[in-house]
Every structure is written in C-alpha cells, then in structure tokens.
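Observations on the three-dimensional arrangement
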Amino acid sequence: GLKTGAEPVEYYHHSDLGIGRHVSIHGRRLLLCDADGFTRNFYGIELEEPIQYRMDKVPSAPRSLPPHNDLGMAEDALQNCKSLIPKPVQKDFMKFFEKDRQGLESHVLRFLAQLDTKLPIDKDRRFVVSVHLSDDTVGVYEPPQRNSGIIGGTFLTRGRVVK
C-alpha cells in the first residue's frame, strides 16, 4: 500500500481481554475483575477466579435544602434538589377518588370574599374562593361587575397555596 507515514491503529480484540488484565479506555486504566456467564461460556475455557475489588465509601456531605424561591410548587422544587432526573410528586389517589366529582356532588367548597382594604375603588370587589377537596387546591375568581372599571376573571389560577 501507500506509505503515508500514518501509524497503524490497534483495536482491542476479545483475545486481549481477560480477568486480571488491564484495558485503557479514554486514557484511564481499567482492571477487568469479573465476567458474566455468557462471557465465560464464550471463551469456552474456565476464566480466572474473580478479583475482589474494594470500593471505598466516600463520605457524603450533609445536604441542606435551599429556600423555596416561589417559582413553581415547593414539592417540585424539592424533587429537583434530590435528583438530577426529578420524579413527579406522588399524588394521594385515594383522596382524589373519594373527593372527586361524583355526579352532581362536586366536593368543592366555595366562599364569597372581598378585599380587606381601605381603598374606595377596591371596597366593592367580590371574589369566589374555591377549595377543591380532591387535591387541596385553591382557585380565586372575580365575577365581572358592570360599570366598576375592573375586568373580572381569574384572580388566582387553581393550585396549591402556601399559608
């Protein structure tokens, strides 16, 4: 072939591998300690006995959770601190099935509310506070009032509210 000056590249072959041998991967030396049943059958001969390796316990630093920054739900933020791949917070399904809408019985507590203020423009504002028993969420709705100058609608989207 052509003599370009390129050095031949050697690749690992199964004959290079075995228990007790070293392999270099990404510049790091790895010691092969054991093999599974298929690998032992593949070689057809009895491989060396497994090498006992010791994993030193790394002392873990005490975890302190940061304060909630009011973005999203506190439970979701806590899950983000516990794992790189957060799992969704488990819901109480038994409570949901017991307190979810059943026909005309909705299991929603509704309260009429008004702003506690001294401003005359806000004195006449009325709100409907809905507490959903199935998942402990709260929603606040302001019914539109004619000629008040305030457009009604959703005041607080349904969600869990911190005390």
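If you're wondering where the values come from, they're calculated on a predicted model, not measured in any experiment. (Residues numbered from 1 in each chain as written. Predicted model: local features only at pLDDT ≥ 70, side-chain atom pairs only at ≥ 80, totals over all residues. Heavy atoms only, no water.)

1. Some points on the pairing of strand S4 (residues 126-132)
Relative to S4, strand S3 (residues 108-114) runs antiparallel, the two sharing seven bridges. From the neighbouring strand, Gln114 faces S4, where its bridge partner is Arg126. The hairpin turn running from S4 into strand S5 (residues 137-142), its antiparallel successor, is four residues long, and Asp136 in that turn takes a positive phi close to 55°. (Pairing = 2+ DSSP bridges. Helix = DSSP H or I, 4+ residues; strand = E, 2+ residues; numbered from the N terminus.)

2. As for unusual backbone geometry
Although it is not a glycine, Asn147 adopts a positive phi angle of roughly 60°. Here Asn147 lies in the loop between S5 and strand S6 (153-159). Looking at Asn147, the relative accessible area reads 81%, which means it is exposed. (Buried < 20%, exposed > 50% of the residue type's maximum accessible area, 1.4 Å probe, protein only.)

3. Overview of the pairing of strand S1 (residues 22-25)
Across four bridges, S1 lies against strand S2 (residues 28-31) in antiparallel orientation. Bridge pairing links His22 to Leu31 in S2. Taking the residues that link successive antiparallel strands as the turn, the S1-S2 hairpin has two residues, and the phi of His26 there is positive, at about 50°.

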